[in-house]
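Here's the letter readout for the chains.
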Amino acid sequence: MTPNQRLILALVISFFFLMAYSTVFPPEEQVTNEQNATTQVTQSVEESSGQTNVDLGHDTQATTVMGSSDAVLAKLTGENYVLTIDTLGRIEQKEMLEAKFADDKIGNAKLVAQTGAKPLYIRFADNDLNEEAIKTPYSSNLKEANLVDGHAKVTLTQKLSDLVVTKNLTFYSDGHYDVQISMSKDVRYYVYLGMHPTFSDKQMMSVEGVMVYSSNEISTIVKDGDAENMTSYVDTVLVSSFSQYFASIFYNVGRDTTIKVDRDRDDNPVVFMEGSKEFSFNGYIGPKDYKILNSINPELTNAIEYGWFTFAAAPLFQFLMFLHDYVGNWGWAIVILTLVIRILLFPLTFKGMLSMAKLKEVSPKVKELQAKFKGDPQRMNAAVMELYKKEGANPLGGCLPLLLQIPVFFAIYRVLLNAVELKGAEWIFWITDLAHMDPTYVLPIIMGATMFYQQHITPSNFTDPMQEKIFKFLPLIFTFFFITFPAGLVLYWAVNNIFSIAQQAVVNKKFAAHKKAKSEE
Amino acid sequence: MIRKFLLSLLTIYQKFFTLIGYGSCRYYPTCSEYAKWQFEKNPLHTAFFQTLLRILRCNQLFPGGIDYPLTKKLNCKIKKDKMSPIKYWYVPKGKNQYYLIKNFSKGKSC
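All figures in this text were calculated on a predicted structure; none of them were measured in a lab.

**Q** Give me the lowdown on the overall build of chain B, citing residues and values where you can.
**A** Regarding its fold elements, chain B presents 3 helices and 5 strands. Listed by position from the N terminus, the elements making up chain B come as α-β-α-α-β-β-β-β. Burial statistics for chain B: of 110 residues in total, 31% are counted as buried.

So this is what it looks like as structure tokens:
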């Protein structure tokens, strides 16, 4: 074995080992974490009373403070969610009722973290006032409301010894809400954006954290675990605390409002903004669905991000959504996307097809050169290439069409990972969720098979027999590699292979016909 | 430093990732090999620009064939005590320009 072979072998073996290991020993789940966090929170509340450190006291448990188990003040039911407001006047929870968001272990998706700051929580800069506030429950004008078609106005009032806090909230069925906070006198206070829950089984490369989008179109993203010292922002369009599919957003906050991003104990970002005596803004909590956000306020769509690849992924998503509007199915939209890319590259492939016909005259000369430079692949390659150029017939596709595929591939991956619309999107037969791996493994196997066949019929130019061998194994390696990938991505690759095969088959057929015609002459 | 990093990236690419579309380059030397020679012998910005042009050229609209990188400077520093083996031949092309041609035959020295 050459060092090359050993290196590749080692790589392949370690890859399979990792796969096997993670199936046999799944990563430990952090069950105890939540309990710890709860006790920590109680401690932090006590601590904050002793010092003026703003770093502490972002999170307050309604139940621990009130000493009552029933902390829910109002319950609002929408078409596919239930939103609860607790006695501290915060959005206690928003539970999504759609089955596609449900998880086997934790049930329906919950959009607010169990511990940590909750949306609309008010903390006063003055510690004594704050102490009193977290012990005084709010009162509400209504206990329950149905938002299915329309909206509900909730007025929350907190009567402190020398201050009255009024929160006028209007909740709409699409998930957004209007907030109007009034204080009976001037005090310094902060309103919290709330924290999103973290999932232990989050997908590879999906980003979670906080985004601040400023009016000069700069978005700053602070990832969970990466938050540093407190940073202030002004002139903000929106601020969002997001997970893979959901977000809690404040917008229309006013240009002068100061938004602060602090960190909690786990270095996760915590967002709050400085309020005024009469303070109104808008909020949204729910899935990062393009159409919903766009219908509420087009600026909200800036909260949808696809990581550093947004510049390519966002237009791709727009195009996929455009296709989806016509065909009504995300799977078919992906198939059409593949076809469109093929059509765009057609001038190139057509040119390649034309040169194919000339190849016949060249092939004996190629054989000649191969015999002549046997054992010297470098010179042979150079000679063959020059011959192709001279005859104007080059059977090879070129690097550009290949490299162009990579950004498209990556953009689709990001879209499948982050676009909530593709969550639970069906295709045909057994594919029920394009954003998730194919549980039957059929699609990756089809992908591998088509790839193998495509390689089989495509001419290639090998100088190193070792690399040729690995090349032949590539479909197998890819099949295993693709097993855990979202089905939509595998679908894209498989369809791409099928189109390549069809195209190559046409070329080969033409070539054969040409050959026949020539020999009959 | 950056040069070394980029060159090692190219080597990794050649070892593994190139397999996806192995043997599809229309040129000699292949695009990745061309890039390597460029980054070894030319200033970084020139190398980057030339490599980009080369990749853009590498499609069915261009004939392909032999396309050696060009360089302007002759930086053949020969160390006093050591006779280093020849790595590149500099073949003059007009004024102050040289084709870079890698030497693959072993055993000879400068």
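**Q** Tell me about the sheet that holds strand S16 (residues 259–263) of chain A, residues and numbers included.
**A** All names here are of chain A. An order of S4-S10-S17-S16-S13 is seen for the 5 strands of this open sheet, with the pairing classed as antiparallel. Two strands in the sheet have a free side with no partner beyond their single neighbour: strand S4 (122–124) and strand S13 (231–233). Averaged over all neighbouring strand pairs, the angle between strand axes comes to 30°, with direction disregarded. Here S16 runs beside strand S17 (residues 269–274); their pairing, made up of 5 bridges, is antiparallel. Each residue of the ladder has a partner; that of Asp 262, found in S17, is Val 270.

**Q** Break down the confidence of the model for chain B for me, with residues and values.
**A** Detailed reading of the predicted coordinates is not advisable wherever pLDDT falls low. Residues and elements named next belong to chain B. Confidence in the prediction for chain B averages 73 pLDDT; 73% of positions are at 70 or higher. Put simply, strand S4 (residues 88–92) is where chain B has its lowest mean pLDDT, 73, and helix H3 (residues 44–57) is where it has its highest, 84. Our summary of model confidence lists the complex with pTM equal to 0.69 and ipTM equal to 0.71.

**Q** Explain the packing of helix H2 (residues 31–41) of chain B against H3(B) residue by residue, including any values.
**A** All names here are of chain B. For the pair H2 and H3, the least separation of the axes is 9 Å and the interaxial angle reads 165°. By the angle between their axes, H2 is roughly antiparallel relative to H3. Seen from above, H2 lies across H3 with right-handed handedness. Each of Cys 31, Tyr 34, Ala 35, Gln 38 and Phe 39 in H2 lies in contact with H3, whose residues at this interface are Ala 47, Gln 50, Thr 51, Arg 54 and Ile 55. Among the residues forming the contact of H2 with H3, the class breakdown is 6 nonpolar, 3 polar and 1 charged.

**Q** Outline the environment of B:Lys93, listing residues and values.
**A** All names here are of chain B. Along the chain, the position of Lys 93 falls in the loop between S4 and strand S5 (98–102). According to the C-beta neighbour criterion, Lys 93 is exposed, with 12 such atoms within 10 Å. Spatially, the C-alpha atoms of Lys 93 and Leu 70 are 8.5 Å apart, while their sequence positions differ by 23 residues. Residues in contact with Lys 93, not counting those within four places in the same chain, are Leu 70, Tyr 98 and Tyr 99.

**Q** Break down the pairing of S16(A) for me, citing the residues and quoting the values.
**A** Residues and elements named next belong to chain A. Pairing analysis gives 3 bridges linking S13 to S16, with the strands arranged antiparallel. Bridge pairing in S16 places Thr 231 opposite Val 261. Linking S16 to S17, which pair antiparallel, is a turn of 5 residues; within it Asp 267 sits at a positive phi near 60°.

**Q** Kindly report on the nonpolar core, identifying the contributing residues and their values.
**A** Nonpolar side chains in soluble globular proteins generally cluster together in the buried interior. In terms of nonpolar packing, the biggest core is built from 104 residues, with A:Val415, A:Leu416, A:Val490 and A:Leu491 touching the most fellow members. Here this core takes 8 residues from helix H13 (residues 487–520) of chain A, the largest share from any one element. Those residues in contact with A:Leu416, other than ones at most four positions away along the chain, are A:Leu422, A:Leu434, A:Ala435, A:Pro486, A:Gly488 and A:Leu489. Counting 24 residues, the second largest nonpolar core, distinct from the first, contains A:Val384, B:Tyr34, B:Trp37 and B:Ala47.

**Q** I'd like a rundown of the pairing of strand S9 (residues 176–183) of chain A, residues and numbers included.
**A** Residues and elements named next belong to chain A. Of the pairings in the sheet, the one linking strand S8 (residues 163–172) to S9 comprises 7 bridges and is antiparallel in character. Note that in S9 the partner of Phe 171 across the bridge is Tyr 177. Following S8, the chain reverses through 3 residues before pairing antiparallel with S9; Gly 175 in that reversal takes a positive phi of roughly 105°. Relative to strand S18 (residues 278–287), S9 runs antiparallel, the two being bridged by 7 bridges. Within S18, the residue paired with Ser 182 across the bridge is Glu 278.

**Q** Go over the environment of A:Arg255, please, and point to the residues and values.
**A** Mapped onto the elements of the fold, A:Arg255 is located in the loop between strand S15 (246–251) and S16. Taking C-alpha positions, A:Arg255 is 8.6 Å from A:Ser215, a pair spaced 40 residues apart along the chain.

**Q** Describe helix H11 (residues 442–457) of chain A, listing the residues and the values that go with them.
**A** For H11(A), built from 16 residues, the straight-helix expectation of 22 Å at 1.5 Å per residue is met to within 8% by its first-to-last C-alpha distance of 23 Å. If you check which residues of H11(A) are buried, you get A:Leu443, A:Pro444, A:Met447, A:Gly448, A:Thr450, A:Met451 and A:Gln454.

**Q** With reference to specific residues and values, describe the packing of helix H6 (residues 310–327) of chain A against helix H7 (residues 330–344) of chain A.
**A** Residues and elements named next belong to chain A. Viewed as axis vectors pointing N to C, H6 and H7 meet at an angle of 120°, and their least axial separation amounts to 8 Å. Between H6 and H7, the angle falls in the class oblique. The chirality of how H6 crosses H7 is right-handed. Packed against H6, whose contacting residues are Phe 319, Leu 320, Leu 323, His 324 and Val 327, the element H7 presents Trp 330, Trp 332, Ala 333, Ile 336 and Leu 337 at the interface. Class assignment of the residues belonging to the contact of H6 with H7 gives a composition of 9 nonpolar, 1 polar and no charged.

**Q** Explain the confidence of the model for chain A to me, using residue names and the numbers behind them.
**A** Residues and elements named next belong to chain A. Residues with a pLDDT of 70 or more make up 78% of chain A, whose mean pLDDT is 74. Averaged pLDDT values for the elements of chain A fall to 38 in helix H2 (residues 32–50) and rise to 86 in S9. In the predicted structure, residues 26–56 sits below a pLDDT of 50 and forms 25 contacts with residues beyond four places in sequence or in another chain. Across residues 62–69, where pLDDT falls below 50, the model places 14 contacts with residues more than four positions away in sequence or in other chains.

What counts as what
- Residues numbered from 1 in each chain as written.
- Chains lettered and ligands numbered in written order.
- Predicted model: local features only at pLDDT ≥ 70, side-chain atom pairs only at ≥ 80, totals over all residues.
- Helix = DSSP H or I, 4+ residues; strand = E, 2+ residues; numbered from the N terminus.
- Buried ≥ 20, exposed ≤ 12 C-beta atoms within 10 Å, placed from the backbone.
- Pairing = 2+ DSSP bridges.
- Axes fitted to C-alpha atoms, helices over the stretch in contact; angles between N-to-C directions.
- pLDDT = per-residue confidence, 0-100.
- Parallel < 35°, antiparallel > 145°, perpendicular 65-115°, else oblique.
- Left-handed = near helix turned anticlockwise from the far one by under 90°.
- Contact = placed C-beta atoms within 7 Å.
- Nonpolar A, V, L, I, M, F, W, Y, C, P; charged D, E, K, R; others polar.
- Core = buried A, V, L, I, M, F, W, Y, C linked by C-beta atoms within 7 Å.
- Expected span 1.5 Å × (residues − 1).

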